[in-house]
Amino acid sequence: QVQLVESGGGLVQPGGSLRLSCVASGSILTGRIFRLSTMAWYRQAPGKGRELVAEITTGGRTSYAESVKGRFTISRDNAKNTVYLQMNGLKTEDTAVYFCNARGEYWGQGTQVTVSS
């Protein structure tokens, strides 16, 4: 019913920045579902479990993992059915596949972020 497609990943040097995007699509209900959903970004590093990075509620309230506070910013544009993750001051330990999630139910396919010199 809802497809999530992430983009914006890539290879960046330590201290660099990337902006991830996640667009929701799939049906005439997508816009309504998106507006009514808490959206989140998760990540999974090699050999590790999936962890919550940041989330944003329907009202715009945000929360972050301690490891990314002050460096990452989540935002949403309901008119575009899109959620963003601005990542600044990237560290090698931020290397992972980043996944978009809608209301704990829908997942994207992931986008690779590699931080390396």
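Calculation criteria
Residues numbered from 1 in each chain as written. Predicted model: local features only at pLDDT ≥ 70, side-chain atom pairs only at ≥ 80, totals over all residues. Heavy atoms only, no water. Helix = DSSP H or I, 4+ residues; strand = E, 2+ residues; numbered from the N terminus. Buried < 20%, exposed > 50% of the residue type's maximum accessible area, 1.4 Å probe, protein only. Contact = heavy atoms within 4.5 Å. Areas by Shrake-Rupley, 256 points an atom, 1.4 Å probe, with all protein chains shown as cover. Phe/Tyr/Trp six-rings, centres within 6.5 Å; stacked < 30°, edge-to-face > 60°. Lys NZ or Arg CZ within 6 Å of the ring centre and 35° of its normal. Salt bridge = Lys/Arg side-chain N within 4 Å of Asp/Glu carboxyl O. Core = buried A, V, L, I, M, F, W, Y, C linked by side-chain atoms within 4.5 Å.

Draft legend 1. Expanded view of the overall build of the protein. Counting its secondary structure elements, the protein contains 1 helix and 11 strands. What you see in the protein, going N to C, is helices and strands ordered as β-β-β-α-β-β-β-β-β-β-β-β. The principal-axis extents of the C-alpha atoms in the protein amount to approximately 45 × 25 × 25 Å. In the protein, which comprises 117 residues, the share counted as buried stands at 43%. Contacts spanning at least 24 positions in sequence make up 53% of the contacts within the protein whose residues lie at least 6 apart. Surface exposure of the protein reaches about 6,000 Å², of which carbon and sulfur atoms provide 48%.

Draft legend 2. Spotlight on the packing of aromatic side chains. With the rule as written, the count across this model stands at 2 aromatic pairs. Directly above the aromatic system of Tyr 84 lies the positively charged group of Arg 19, at a separation of 4.0 Å from the ring centroid.

Draft legend 3. Layout of the environment of Ile 74. In this fold, Ile 74 is placed in strand β7 (residues 72-77). With a relative accessible area of 3%, Ile 74 lands in the buried category. Distance in space between the C-alpha atoms of Ile 74 and Ser 116 is 23 Å, their sequence separation being 42 residues.

Draft legend 4. Geometry of the pattern of salt bridges. Applying the stated criterion across every chain yields a total of 5 salt bridges. A salt bridge links Glu 51 to Arg 43; the nearest nitrogen and oxygen atoms lie 2.6 Å apart. Take Glu 51: its relative accessible area is 34%, and that puts it in the partly exposed class. On the accessibility criterion, Arg 43 (7% relative accessible area) is buried. Close ionic contact of Arg 103 with Glu 105 constitutes a salt bridge, the shortest N to O distance being 3.1 Å. Relative accessible area serves as the criterion here: at 41%, Arg 103 is assigned to the partly exposed category.

Draft legend 5. Quick peek at the nonpolar core. Core analysis: the largest hydrophobic core is formed by 30 residues, its most contacted members being Leu 4, Trp 41, Val 83, Leu 85, Met 87 and Tyr 98. Going through the elements one at a time, β3 (18-25), α1 (30-35), β4 (39-44), β5 (50-56), β7, β8 (82-87), β9 (96-102) and β11 (111-115) are the ones with two or more residues in this core.

On their own, these measurements won't tell you what the molecule is for.
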